[in-house]
Amino acid sequence: MFQQLLHEQTIKNSLEARTFEGAFAELTALLPPLAISSRQKSQILELLLQRELFDSTFVGNSLAIPHCFFGNLPYPVCALGISKKGIAYPSSGNPKLAH
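Now for a look at the structure at hand. Just so we're clear, the structure is a prediction, and the values are computed from it rather than from any experiment.

1. A look at the environment of Tyr 89
Right, on to step 1. Of note, Tyr 89 is situated in strand β5 (residues 87-91).
Right, on to step 2. Tyr 89 sits in the buried class, given a relative accessible area of 3%.
Right, on to step 3. Considered as a pair, Tyr 89 and Glu 52 are 37 residues apart in the sequence and their alpha carbons are 9.6 Å apart.

2. Concerning the nonpolar core
Within soluble globular proteins, side chains that are nonpolar generally end up buried alongside one another.
Right, on to step 1. Ranked by size, the top nonpolar core spans 16 residues in total, and within it Ile 44, Ile 87 and Tyr 89 carry the most contacts.
Right, on to step 2. Those elements that place two or more of their residues in this core are α2 (20-30), α3 (38-54) and β5.
Right, on to step 3. With near-sequence residues (within four places) excluded, Ile 44 lies in contact with Leu 31, Ile 36, Cys 68, Phe 70 and Leu 73.

3. A closer look at α3
Right, on to step 1. An ideal rise of 1.5 Å per residue puts 24 Å on 17 residues; α3 measures up with 24 Å between its terminal C-alpha atoms.
Right, on to step 2. For α3, the complete set of buried residues consists of Gln 40, Lys 41, Ile 44, Leu 48 and Glu 52. What you see down the axis of α3 is that its buried residues fit within an arc of 115 degrees, all on one side. Turned more than 90 degrees off the buried face of α3, the exposed positions are Arg 39, Leu 53 and Phe 54.

Rules and cut-offs
Residues numbered from 1 in each chain as written. Predicted model: local features only at pLDDT ≥ 70, side-chain atom pairs only at ≥ 80, totals over all residues. Heavy atoms only, no water. Helix = DSSP H or I, 4+ residues; strand = E, 2+ residues; numbered from the N terminus. Buried < 20%, exposed > 50% of the residue type's maximum accessible area, 1.4 Å probe, protein only. Core = buried A, V, L, I, M, F, W, Y, C linked by side-chain atoms within 4.5 Å. Contact = heavy atoms within 4.5 Å. Expected span 1.5 Å × (residues − 1). Arc of directions from axis to C-beta.

Below, the structure written as structure tokens:
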């Protein structure tokens, strides 16, 4: 399934952000511009941030799977980012690093 969702344009193997907020912004910017307007990208980013504050998507072992439901799209979209330096993730009061 992910092979159908991920494309070269939606993968970034060197995220620059050091915070999860910045990483979410970088990932949202990768979403396909022909299918998703700038306004929709802003709405998706806001939903991702709200979702993260509600319950962290950091799953451990340097991995986070940020996600949200956005009903205004005709099909699912996905972006993949890798951070070589790690991203600070608030989890149980202790900052963790996701890569």
